[in-house]
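The residues making up each chain are set out below.
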Amino acid sequence: MQKWYQIFHRSTGLSPYVWVVFYILPFYFIFRSTSTYQVVIGVVMIVMFFLFYVLSFVSKGWIVYFWTSLQILISITMSLLFGYVYFSLFLAFFIGNIKNKAGFFTLYSIHLVTTLITVNYGLLTRNPFFITQLPFVLVSVAGVILLPVTTYNRNKNDQLQDQLEHANKRISELVKLEERQRISRDLHDTLGQKLSLIGLKSDLAGKLISRDPTRAQSEINDVRQTARTALKEVREMVTRMRGTRLTDEIFRIEQILKVAEIDFAFEGTTEPDKLTLMNENVISMCLKEAVNNIVKHSNASACHITVESTETDLVTTVKDNGIGVSSDRLNRGNGLQGMRERLEFVNGSLEIRSGEGTTLIIRVPNALRHPDKEAGL
């Protein structure tokens, strides 16, 4: 949660310091003045603006607004005395990096209004500095309008991307925790009772081996059978835990459709490089359900599956030329509902089109990967 004093982005990269290079420009406007008094005032204001600009970046809390207000006053003075309106661009960049919403809109409004008033006043009074550089003045006004909003939205999007990445990591951790708990429950239910039974029967066989060898042998046989049953159940449980890879599922689908005498065609890749194992398992389970429905209910003679990876999603399309899906099955079918629930769990979606056959469009998100960013962007 954003704290009250966190009004500015911590990382702004080299951009603030690149802007400092342009501090050489106002001296050109100042030294055109014939008055030594005005030259001294101009130099002092440049130094003060530079100082306040640096203090704005290193300060926290309400003091940032104070330094920014002083910069706005210096920008207005420089524009009226020397026709130097370009400090407004410095301020536009700075204001766009403020992440507190109320602070951003307040400073943006003040800066925009004061800049427009200053420029209009200069034009109405026919200030020669404004007239001679009118195209650049208009560009500066456009920058004052657009640059803060663009910078603010870009930083906001970066912040949302970071939050999304953090949320995905948290979800992944919770999924792993839930999976560990499920495995522990399955192991307890599968092995706990049988191991206890094996222990009891082994103790009983040890006591009976000298008194009743026949019964002891029977108990040992029961131990052997119980151990085999436990081993079989553990193997089945491990097999379920491994999940299903898309390559294996496509191979099984091809075999099933061949037995059902349904022509099968596949396009795309079975090894998408941006897909998580969990999402791949969900896709495989949905494909298994979709093909089972085709074999059992569609009366189709052909099935076509396409797997296409986009920048954000893996799109899997399953199309048949059967009788289509009735509205009753579309709304209440347990298989389709199960597919929707699996996909919703991984932020995926299912689209069903019924016309000349049935088309299922299954989407699951790819793994989130950030491109390398420039420092501070």
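Residues numbered from 1 in each chain as written. Predicted model: local features only at pLDDT ≥ 70, side-chain atom pairs only at ≥ 80, totals over all residues. Heavy atoms only, no water.

Peer 1: I keep staring at the overall build of the protein and nothing clicks. Help me out?
Peer 2: The helix and strand inventory of the protein stands at 13 helices and five strands. Considering only intrachain contacts with a sequence separation of at least 6, the fraction spanning at least 24 residues in the protein is 68%. A total accessible area of about 22700 Å² is found for the protein, and carbon and sulfur atoms account for 59% of it. (Helix = DSSP H or I, 4+ residues; strand = E, 2+ residues; numbered from the N terminus. Contact = heavy atoms within 4.5 Å. Areas by Shrake-Rupley, 256 points an atom, 1.4 Å probe, with all protein chains shown as cover.)

Peer 1: Sorry, what's going on with the nonpolar core here?
Peer 2: Taken as a class, soluble globular proteins show a tendency for nonpolar side chains to be buried jointly. Core analysis: the largest hydrophobic core is formed by 31 residues, its most contacted members being Phe49, Tyr53, Met78, Phe87 and Phe94. Elements that contribute at least two residues to this core include exactly helix H3 (36-58), helix H4 (63-82), helix H5 (87-96), helix H6 (101-124) and helix H8 (134-208). (Core = buried A, V, L, I, M, F, W, Y, C linked by side-chain atoms within 4.5 Å. Buried < 20%, exposed > 50% of the residue type's maximum accessible area, 1.4 Å probe, protein only.)

Peer 1: Would you take a moment to explain the side chain of Glu249 for this structure?
Peer 2: By secondary structure assignment, the location of Glu249 is in helix H10 (residues 246-259). Overall, the relative accessible area of 2% leaves Glu249 in the buried class. The contact partners of Glu249, leaving out residues within four places of it in the chain, are Thr244, Ser284, Leu287 and Lys288.

Peer 1: Please explain the sheet that holds strand S2 (residues 302-309) as it appears in this structure.
Peer 2: Strand pairing in a sheet is mediated by backbone hydrogen bonds. Such pairs are either parallel or antiparallel. Read from one edge of the open sheet, five strands run S1-S2-S3-S5-S4, paired in mixed fashion. If you trace the sheet from one side to the other, it starts and ends with strand S1 (263-268) and strand S4 (349-355), each paired once. Strand after strand, the sheet turns through a mean of 10° between neighbouring axes, direction not considered. Judged from the eight bridges that link them, strand S3 (residues 313-320) and strand S5 (residues 357-365) form a sheet pairing that is antiparallel. Counterpart to Asp320 in the pairing with S5 is Thr358. On top of the sheet, H10 reaches S1 and S2; it is set at about 160° to S1, its chief contact. (Pairing = 2+ DSSP bridges. Axes fitted to C-alpha atoms, helices over the stretch in contact; angles between N-to-C directions.)

Peer 1: Any chance you could explain H10 here in plain terms?
Peer 2: Think of an α-helix as 3.6 residues a turn; residues three or four steps apart then line up on the same face. Over its 14 residues, H10 runs 20 Å from end to end, which matches the ideal 20 Å to within 8%, given 1.5 Å per residue. Along H10, the residues that are buried comprise Leu246, Glu249, Ile250, Ile253 and Leu257. All buried residues of H10 fall inside an arc of 100° around its axis, so they share one side. Structural note: H10 exposes Phe251, Lys258 and Val259 on the side pointing more than 90 degrees away from its buried face. Buried residues along H10 sit in contact with S1, helix H11 (277-298) and S2. One or two residues past the end of H10 sits Glu261, with phi positive at roughly 60°. (Expected span 1.5 Å × (residues − 1). Arc of directions from axis to C-beta.)

Peer 1: In this structure, what is going on with a nonpolar patch on the surface? I would like to understand it.
Peer 2: A cluster of nonpolar side chains, contributed by Val40, Val44 and Met48, occupies part of the molecular surface with about 230 Å² of accessible area. By the element assignment, Val40 lies in helix H3. Take Val40: its relative accessible area is 47%, and that puts it in the partly exposed class. (Patch = residues over 30% accessible without salt bridge, like charges linked within 9 Å, V, L, I, M, F, W, Y side chains within 5 Å. Salt bridge = Lys/Arg side-chain N within 4 Å of Asp/Glu carboxyl O.)

Peer 1: Would you explain the packing of aromatic side chains in this entry?
Peer 2: Centre-to-centre distance and the angle between the planes together describe a pair of aromatic rings. By the definition in use, this model includes three aromatic pairs. A ring pair is formed by Phe52 and Trp67, whose centres lie 5.4 Å apart and whose planes are at 20°; its orientation type is stacked. One end of the pair, Phe52, is in helix H3; the other, Trp67, is in helix H4, with 15 residues separating them in the sequence. Judged by its relative accessible area of 9%, Phe52 falls in the buried class. In this structure Trp67 comes out as buried when scored by relative accessible area, which is 17%. Put simply, the rings of Phe52, Phe66 and Trp67 touch in pairs and so form one group of aromatic residues. (Phe/Tyr/Trp six-rings, centres within 6.5 Å; stacked < 30°, edge-to-face > 60°.)

Peer 1: Sorry if this is basic, but what is going on with the pairing of S4 here?
Peer 2: Successive side chains on a regular strand alternate, one facing one side of the sheet and the next facing the other. Where S4 meets S5, seven bridges bridge the pair, whose relative direction is antiparallel. Each bridged residue has a counterpart across the sheet, and for Ile352 the counterpart in S5 is Leu360.

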